[in-house]
Amino acid sequence: MSDHSANTKNRHMQHSHHHMRISYPKSWFQRLYSIILVPLSILVGVLALYVYVIGFPGRPISAADVNTALLALSFTFIRLFIAYILALIVSMPLSILITKNKIVERIFLPLFDIIQSIPVLAFFPVIILVFVHSHFLNGAAIFIFFLSMVWNLVFSVVGGLRVIPNDIKQAAQVFHIKGWQNARQITLPSIVPYIVTGSLLAWAQGWNIIIVGEVLHTYIQGGTTDQDLFGIGSILVHTSASGQQEIFLLAIVVMIIFIGLLNLVVWQRLLQYSEKFKFE
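Because the structure is a prediction, the values reported are computed rather than measured.

Visitor: How should helix α5 (residues 124–132) be read in this particular structure?
Guide: Think of an α-helix as turning once every 3.6 residues; residues three or four places apart then point the same way. Listing the buried residues of α5 in full gives Phe124, Ile127, Ile128, Phe131 and Val132. Projected down its long axis, α5 carries its buried residues within an arc of 100°, all on one side. Residues of α5 that are exposed and point more than 90 degrees away from the buried face comprise Pro125 and Leu129. Contact partners of the buried residues in α5: α6 (137–162) and α9 (210–214).

Visitor: Where do I start with the nonpolar core in this structure?
Guide: The biggest cluster of nonpolar side chains holds 53 residues, and the ones touching the most others in it are Ile144, Phe145, Met149 and Trp207. Of all the elements in the fold, those that place two or more residues in this core are α3 (63–100), α4 (102–117), α5, α6, α8 (179–208), α9, α10 (232–242) and α11 (245–274). Of all the elements, α6 adds the most residues to this core, at 14 residues. Setting aside anything within four residues of it in sequence, one finds Met149 in contact with Leu80, Ala83, Tyr84, Ala87, Ala202, Trp203 and Gly206. Residues Met92, Ile186, Ile191 and Ile195 belong to the second largest nonpolar core, which totals 7 residues.

Visitor: Even after reading the chapter, I still don't get the pattern of salt bridges, so can you show me in this structure?
Guide: Pairs can form between side chains of opposite charge once their charged atoms are near each other. Applying the stated criterion across every chain yields a total of 2 salt bridges. Arg79 is paired through a salt bridge with Glu214; the nearest N and O atoms lie 3.0 Å apart. Of this pair, Arg79 sits in helix α3 while Glu214 sits in helix α9, and the two are 135 residues apart along the sequence. Like Arg79, the residue Glu214 is buried in the burial classification.

Visitor: For this particular structure, what's the right way to read the environment of Ala87?
Guide: When you line up the elements, Ala87 lands in helix α3. Separated by 62 residues in sequence, Ala87 and Met149 have C-alpha atoms that sit 6.4 Å apart. Ignoring anything within four residues of it in the chain, the contact list for Ala87 reads Phe146, Met149, Val150 and Leu153.

Rules behind the numbers
- Residues numbered from 1 in each chain as written.
- Predicted model: local features only at pLDDT ≥ 70, side-chain atom pairs only at ≥ 80, totals over all residues.
- Heavy atoms only, no water.
- Buried < 20%, exposed > 50% of the residue type's maximum accessible area, 1.4 Å probe, protein only.
- Helix = DSSP H or I, 4+ residues; strand = E, 2+ residues; numbered from the N terminus.
- Arc of directions from axis to C-beta.
- Contact = heavy atoms within 4.5 Å.
- Core = buried A, V, L, I, M, F, W, Y, C linked by side-chain atoms within 4.5 Å.
- Salt bridge = Lys/Arg side-chain N within 4 Å of Asp/Glu carboxyl O.

Set out below in structure tokens:
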């Protein structure tokens, strides 16, 4: 490519970046509301409802109880994280394939929409057959979380690929930007905001289904609690069933605080960062 063409290309890319704007809320009140007041309000509401219906815990919470709850939370988070990474790896090429071929899009997009609408519990026979009979119980939980996460990412990324401006696509053709160079300079930066949004939805769905993914004995014929996975979801079920109100309450508090911190440390920053890649 000549120097003139390279300079023209650089000017065009710089010009296209000028059309991106940051609209992320920077007000201190908005940030305070999203990262502190919302989790705190949920926590107070849960505590008030629990005390009103059940009563105060029967015994003081010990340091061992706190350590157990934190360890269980870490196990659950690791399973969710592995499922999220797998969902991310699968959703990226799948979304690009759908948008690159009209025939593939007409066939698979409605199919994926139907699969997304099917409850995860419908896949339990396959999960039990493959993972539980192979004594890979963690794999069963990760697969359940994966199924609940992947479609949020797929549909978000497909939406992001569809809104890439035509002038950007035409510029790529003019300057012969193809293959990996096209993906690195145009496709991936353009879908960053949609990956972040899809990830938020995916993680929310994952947290919602932790009990299903960790309390496996309920879905196994002749199953016992020994087949359940150690995690915050199974602790919630077992402590509630055994009347350990204080541990149940502790698990809820620990989970709410952790999700609030995750929102502050990870998602708020990623949302702010992703605004740089949005087109006007």
